[in-house]
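Residue strings, one per chain:
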Amino acid sequence: MKVLKKTLLLATISGSLFATTASAEQINLTWQMWTGSEADTKGWQHLADMVTAKYPDIKVTLTTTGWVDYWTRLPVLAASGQLADIVSMQSLRMPNFYSLLEPLNERIEADKFDIGAFTPSIIGGMSVDKQLYGLPYDVGPWVVYYNQDALEAAGIPLPKPGWTLAEFTDAAKKLTKDGKYGFGITPQNYSVLAAAWGDKYVNDAGELDLTNPSAIAAAERVIGFPAKDKIAPLVPSSADVGTFIQGRFNSGNVAMYVDGPWSIIGMKDKAKFKIGLTTLPRDDAKELAAVTAGSGFGIATTSKNKDAAWKAIQVLTSPEALQYLAEQGRALPARSASQSSWYKVAAKDITNGGEALDYSLAHSVPYVITNNWAAVENLFNQYFPPAFGGSADAKQTMESIQSLAQQ
């Protein structure tokens, strides 16, 4: 009898466990992300698979678009109620889109999630009014990428971190010949370079201020690269001008351009020359002030699976995920302890990569932007290209952008 009772008890327990397993529903999460190359997309898919490996009941379906299309489609998807469960977000665009995302502070506190493991500047970048809206995966300063083969062929010493604007301009002039240019400038480089030179384009009240003497002086320098010095090619009035310049660099038609460490993975596949890194050129009389930014993942306020999405974004920003991204060259990890992986693996084939980033981070400043920064950048894309061609001066250009941005 005891044996029979024990057998029945075991059968009951086994059946109960089977019923629990069978009733566990598969949770399907959607994730929207930008991508710049096939290698890029494969990296994000690997992270999506990592979520399922840790949580077999959670499947993440990845949808990718190009960088420009991503930001064009995001408000459309939000307005039509079609946001993904997991929304990728750049720190510079957080002020415009944070209302689409679920606040994370309470979840972080409840789970005792170690937010201190991340670089403080990017936690600030992913926050609005001290409320965190996304877990970051990368952080990085803007730097100058250069074609080492072209510099060496021209007899130009490889630029050292902390080089000056005069040194940069001299090198760019020597590299401009035979239909090729020393530097590729985009309209959105304006604020990055202005900050590096210590010029202010936002006032102390956080308002756009493009018509003050300092802001106009920075614009004169930027516009002067193609219009006066002739060291940079003209660019179209397009939101995708960054891709245009990056393509010119990868093909060897532009010897230097401004970008971040997040672009290395795609560049390694396309550039057929030795790549080097250095800092943004500083004002000859000032120290460098390198702006940093980064990106991460938030949970859509419209998601019906917020708890699962919270689990997922923790995996997407885990030490294992960030080490993978670092080794692929996709990102300088937002987690401080994981950053050495990027230097050792991703930057090993990039001349002076570690030195340039170390110097930039040691001289970094917050990227100051306004709440309508996306609109301001669109105006940069519209009004700087004609000025590059000489049809308007810096003062006229800045006054036009300032006026339209306030409407």
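Starting afresh in each chain, residues are numbered from 1 along the sequence in its written order. It should be noted that, the model being predicted, local features are given only for residues of pLDDT at least 70 and side-chain atom pairs only at 80 or more, the latter also being counted only at that level, while totals for whole chains, interfaces and linings use all residues. Heavy atoms throughout the structure, all of them, feed into the side-chain values; hydrogens and water do not.

The 3 strands lie next to each other as β8-β7-β9, forming an open sheet whose pairing is antiparallel. The open sheet has two free edges, formed respectively by β8 (256-259) and β9 (275-278), since each of these has just one partner strand. Adjacent strand axes in the sheet meet at a mean angle of 30° when their direction is disregarded. Strand pairing requires that DSSP identify at least two bridges connecting the strands. Counting from the N terminus, the helices are the DSSP runs of H or I reaching at least four residues and the strands are the DSSP runs of E reaching at least two. Inspection of the sheet shows strand β7 (residues 143-147) paired to β9 by 4 bridges, in the antiparallel sense. Across the sheet, residue Val144 finds its bridge partner in β9, namely Thr278. Should any heavy atoms of two residues lie within 4.5 Å, those residues are counted as being in contact. The angle between two axes is taken between their N-to-C directions and runs from 0 to 180 degrees, where each axis is a line fitted to C-alpha atoms and a helix contributes only its stretch in contact. Helix-sheet contacts for helix α11 (residues 241-250) involve β7 and β8, and the interaxial angle to β8 is about 135°.

Trp142, Tyr190, Tyr201, Phe225 and Met256 are the most contacted members of the largest nonpolar core, which totals 77 residues. These domain limits were set by an automatic method or by a database of domain assignments. When residues of this core are sorted by domain, at least three fall in each of domain 1 (27-140 + 293-347) and domain 2 (141-291 + 352-406). Discounting residues that sit within four places of it in the chain, Trp142 has contacts with Leu92, Val192, Val258, Asp259, Trp262, Leu280, Val291, Thr292, Ala293, Ser360 and Tyr367. Within this scheme, the nonpolar core is defined by two criteria: the residues are buried Ala, Val, Leu, Ile, Met, Phe, Trp, Tyr or Cys, and they are joined through side-chain atoms within 4.5 Å. Burial classes: relative accessible area under 20% of the type maximum marks a residue as buried, over 50% as exposed, and values in between as partly exposed (1.4 Å probe, protein chains only). Grouped together as the second largest cluster of nonpolar side chains are 53 residues, Ile123, Leu132, Ala308 and Leu325 included.

A few words on the pairing of strand β3 (residues 86-90). For β3, the buried fraction is high: 5 of the 5 residues fall into the buried class. Neither face of β3 is left uncovered, since the one carrying Ile86, Ser88 and Gln90 and the one carrying Val87 and Met89 both have all their residues buried. In the sheet, strand β1 (residues 27-34) pairs with β3 via 2 bridges, with the strands oriented parallel. Paired with Trp31 across the two strands is Ile86, which belongs to β3.

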